[in-house]
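Next come the chains, spelled out residue by residue.
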Amino acid sequence: MSYTKFVAALVRANQGNVGKIRISPGRWRSTVASTKSQEEKDQQIDGCTVVEAVPVELISETKNVKNTQLSKIHIDFDNTEEAYKSKRNIELLRSLLVFKLCTIDVLVEKNKQLIDLSRKLLGQWMFEKMMKMTFYGQFVAGEDHNSIKPLIQKNEAFGVGAVLDYSVEEDLTQEEAEKKEMDSCVSEAEKESPDADHREKKYKAHRQFGDRRGGVTSARTYFYADENKCDSQMETFINCIRASGGASADGFSAIKMTALGRPQFLLQFSEVLVKWRQFFNVLAAQQGKSEMMVLEQKLELEELKESLTKMGVGAKDDIENWFTGEKLGLSGTIDLLDWNSLINDTTTISNLLMVPNLETGHLEPLLNKFTAEEERQMKRMLQRVDVLAKHAVENGVRLMVDAEQTYFQPAISRLTLEMQRIFNREKPIIFNTYQCYLKEAYDNVTVDVELSRREGWYFGAKLVRGAYMYQERDRAKEIGYEDPINPDYESTNRMYHKCLEYVLEEIEHSRKANIMVATHNEDTVKFTLEKMNEMGLSPTENKVYFGQLLGMCDQISFPLGQAGFPVYKYVPYGPVNEVIPYLSRRAQENRGFMKGSQRERSLLWTELKRRMLGGQIFYKPVY
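Residues numbered from 1 in each chain as written. Predicted model: local features only at pLDDT ≥ 70, side-chain atom pairs only at ≥ 80, totals over all residues. Heavy atoms only, no water.

Would you take a moment to explain the overall build of the protein for this structure?
Secondary structure assignment for the protein yields 24 helices and 12 strands. Counting the 623 residues in the protein, one finds 59% classified as buried. The contacts in the protein between residues at least 6 apart in sequence include a share of 80% that link residues at least 24 apart. Approximately 25300 Å² of the protein is accessible, and the part contributed by carbon and sulfur atoms is 52%. (Helix = DSSP H or I, 4+ residues; strand = E, 2+ residues; numbered from the N terminus. Buried < 20%, exposed > 50% of the residue type's maximum accessible area, 1.4 Å probe, protein only. Contact = heavy atoms within 4.5 Å. Areas by Shrake-Rupley, 256 points an atom, 1.4 Å probe, with all protein chains shown as cover.)

Following this line, the structure appears as structure tokens:
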């Protein structure tokens, strides 16, 4: 199919469900990803990228200084009485025990073998009792949505909300995980003719990285089995949303896209989006704008028509008709899809998985063919996500879409953005997750914020540092593509603060952006509080949230909550045996966390000693 035919078909279908193309004569950019800023490219110190604030439409340049002269809030993170007033003494002792065990290498490295041995020696009943007294009791709220309510209600009494996360996973061997991944990520066309399609190696499945749990310490992992399993996992998420709505007045629920369908679609859709971005960059280069920052790239309409004509896409008069009138839209972007068309039963999704061939000047399908079942699987995945979003709206719950590996993430981010366009019109319901250890994190955040501003919906984001660093680096090196991860921890810190400051300025400007600062880093929390004080952002506006994991960093969460800030614990729950994979990784994550800092254990000891010396041997929280 030629570009002319494809674009003409999309324009004809603008009132239907196939897709649309929109280009604004104003500033233009991709809604999916972007090029690096020149400032980031140029500045290097000791081989590490220096990420500094970039003067692009910074709201702070025009803010009213008078508005920032509000009473400043200071949080004392050394006040152990405030930090642990919700905890009984036995809970403080449990925290000290668990954190200490997490620093013993042999226990952490052999934790699965030790768990299996304990189960055999103690029997199931005693084993569960032991787990509830230690790791399970520390990091998991309970077995089901009813048993977790007392903990959630107690935390809420002390100002801390909940992000519910049903943390049950299959306990697969590495071989089983690799087989499932290869079966679910390779299409029938690829199996029949492995070398027939010109796929990018980053977006193809590779057996040596088929077990996506490798090198991952915190994120739960789902492997595709069949459509019934995906339906079951959707029902689990629905129950989680209902539980969140019933247990909390203003809660969150977390979901993962890979739990809801065959990941083959996420791989393929990601590759399509990245190849379109590359095509847009070629057009920008033809106008001499390839080195400009993303928010400053503006393709002039006349030059764009000239470029497309030279490439053989179509006659200039035809292109004139494509980019006029209603086709311009508000976003200033080129869109090949929208949410309503994606979930519509009449839309053939494989027709959207087309990529530009710069050599021939034609659009070509990513794969030679898609089977009818693959079409149905892609459609069902999107429909499940839509069902969850609607349940979130009905139950007054905000939906947090977790980030995943970079070869899935372009599709996950784009689909989440499409949901935000639909469901975030009145208030923020859908939140996307941005991993700030990625080199492109700032570009992605700024592009999506700008799009929300132009189209008038509420931007919702969770900022994290990231969960897949070791796996991503190994995969990039082994397979042979650019490492997507920032070179070191300090670079990631700078990226996190840069993204955070940008969103805070957007909140200051319009009050339509919302962000969860999901971090255990006390310096980052203090940075956020300092910026909020400077900008006059009140915690009671509920625009800036804070998030930590259940069982960790209470010295951050509870003082913030009691000072009136919206703060949330990620609350895992599920039966003891079925959350063992989650607990195993939590032990590994805590090993690094607790070895790197003695602060939390020191604060716990300080509070215990204060209570003992003050005669509070049988301390009981009052709420």
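Is there a simple way to explain a nonpolar patch on the surface in this structure?
Taken together, the side chains of Ile 104, Val 106, Leu 107, Leu 114, Leu 117, Leu 121, Leu 122, Trp 125, Met 126 and Met 130 make up a nonpolar region of the molecular surface, amounting to roughly 910 Å² of accessible area. Elements supplying a minimum of two residues to the nonpolar patch: helix H5 (105-109) and helix H6 (111-133). Here the nonpolar patch takes seven residues from H6, the largest share from any one element. Looking at the element boundaries, Ile 104 is found in the loop between helix H4 (89-101) and H5. (Patch = residues over 30% accessible without salt bridge, like charges linked within 9 Å, V, L, I, M, F, W, Y side chains within 5 Å. Salt bridge = Lys/Arg side-chain N within 4 Å of Asp/Glu carboxyl O.)

Sorry, what's going on with the sheet that holds strand E7 (residues 398-401) here?
Paired through backbone hydrogen bonds, the strands of a sheet run either parallel or antiparallel to each other. Ordered by their spatial adjacency, eight strands build a closed barrel running E3-E4-E7-E8-E9-E10-E11-E12, and the pairing between neighbours is parallel. Each strand axis lies, on average, 30° off the axis of its neighbour in the sheet, ignoring direction. Contacts from helix H21 (residues 522-535) reach strand E10 (513-518) and strand E11 (544-549), with the element oriented near 170° to E11. This element, helix H22 (residues 554-562), spans strand E3 (160-166), E11 and strand E12 (567-573) of the sheet and lies at about 130° to E12. (Pairing = 2+ DSSP bridges. Axes fitted to C-alpha atoms, helices over the stretch in contact; angles between N-to-C directions.)

Explanation requested: helix H18 (residues 441-455) in the structure shown.
A turn of α-helix holds 3.6 residues, and therefore any two residues three or four places apart point the same way. For H18, which comprises 15 residues, the first-to-last C-alpha distance of 21 Å matches the rise-based estimate of 21 Å (1.5 Å per residue) to within 8%. Of all 15 residues that make up H18, 13 are buried, and the element is covered over most of its length. Phi for Gly 456, located one or two positions after H18, is positive at around 80°. (Expected span 1.5 Å × (residues − 1).)

Just to check I follow, could you spell out the pattern of salt bridges for this structure?
Pairing between side chains of opposite charge can happen when the charged atoms of each approach one another. The final tally for this structure, using the stated rule, is 36 salt bridges. Measuring nitrogen to oxygen at the nearest pair gives 2.8 Å for the salt bridge that ties Glu 607 to Arg 610. In this pair, Glu 607 and Arg 610 are both assigned in helix H24 (residues 599-613), three residues apart and thus about one turn of the helix distant. For Glu 607, a relative accessible area of 1% corresponds to the buried category.

Would you explain the packing of H4 against H24 in this entry?
The relative placement of two packed helices comes down to the angle between their axes together with the axis-to-axis distance. Interaxial distance between H4 and H24 falls to 10 Å at its minimum, and their mutual angle equals 150°. Judged on the interaxial angle alone, H24 and H4 are roughly antiparallel. Seen from above, H4 lies across H24 with left-handed handedness. Along the contact surface, H4 presents Asn 89, Leu 92, Leu 93, Ser 95, Leu 96, Phe 99 and Lys 100, while H24 presents Glu 600, Arg 601, Leu 604, Trp 605, Glu 607, Leu 608, Arg 611 and Met 612. For the contact of H4 with H24, the class distribution of residues is eight nonpolar, two polar and five charged. (Parallel < 35°, antiparallel > 145°, perpendicular 65-115°, else oblique. Left-handed = near helix turned anticlockwise from the far one by under 90°. Nonpolar A, V, L, I, M, F, W, Y, C, P; charged D, E, K, R; others polar.)

Whenever I open this one, the pairing of strand E9 (residues 459-464) confuses me. Can you help?
Each regular strand carries side chains that alternate between the two faces of the sheet. Taking burial as the measure, the six residues of E9 include six buried ones, the bulk of the element. Covered by surrounding structure in E9 are Phe 459, Ala 461 and Leu 463 together with Gly 460, Lys 462 and Val 464, the residues of both alternating faces. Judged from the four bridges that link them, strand E8 (residues 430-435) and E9 form a sheet pairing that is parallel. Across the sheet, Asn 432 pairs through a bridge with Ala 461, a residue of E9. Across five bridges, E9 lies against E10 in parallel orientation. Looking at the pairing, Ala 461 lines up with Ile 515 of E10.

I would appreciate a short explanation of the confidence of the model for the protein in the present structure.
Atom-level detail of predicted coordinates should not be read off regions where pLDDT is low. Of all residues in the protein, 73% attain a pLDDT of 70 or more, and the chain-wide mean is 79. Residue range residues 1-69 is modelled with pLDDT below 50. Its contacts to residues more than four positions away, or to other chains, number 190 contacts. Counting contacts from residues 322-336, a segment whose pLDDT is below 50, to residues more than four positions away or on other chains yields 60 contacts. (pLDDT = per-residue confidence, 0-100.)

Looking at this structure, how should I read the nonpolar core?
Across soluble globular proteins, you tend to see nonpolar side chains buried next to one another. Within the largest apolar cluster, 48 residues are counted, with the highest numbers of intra-cluster contacts made by Met 131, Phe 135, Leu 164, Phe 252, Met 516 and Leu 583. With residues near it in sequence (within four places) discarded, Phe 135 still touches Val 98, Leu 101, Cys 102, Val 140, Leu 583 and Ala 587. (Core = buried A, V, L, I, M, F, W, Y, C linked by side-chain atoms within 4.5 Å.)

I would appreciate a short explanation of unusual backbone geometry in the present structure.
Note on backbone geometry: most residues besides glycine have negative phi, and most peptide bonds are trans. Unusually for a residue other than glycine, Arg 511 sits at a positive phi of about 60°. Assignment of secondary structure puts Arg 511 in the loop between helix H20 (489-510) and E10. For Arg 511, a relative accessible area of 26% translates into the label partly exposed. Unusually for a residue other than glycine, Cys 553 sits at a positive phi of about 55°. Within the secondary structure layout, Cys 553 lies in the loop between E11 and H22.

What am I meant to see in H6 here?
Between its first and last C-alpha, H6 extends only 16 Å over 23 residues, short of the 33 Å set by a 1.5 Å rise per residue. The largest bend in H6 amounts to roughly 120° and is located at Gly 123. Buried within H6 we find Asn 111, Ile 115, Ser 118, Phe 127 and Met 131. (Bend = angle between axes of the 7 residues up to and from the residue.)

What should I look at first to understand the environment of Phe 209 in this one?
Along the chain, Phe 209 falls in the loop between helix H10 (188-192) and helix H11 (227-247). According to the relative accessible area criterion, Phe 209 is buried, its value standing at 15%. For the pair Phe 209 and Asp 474, spaced 265 residues apart in sequence, the C-alpha to C-alpha distance is 9.0 Å. Other than its neighbours up to four places away in sequence, Phe 209 contacts Gln 471, Asp 474, Arg 475, Glu 478 and Ile 479.

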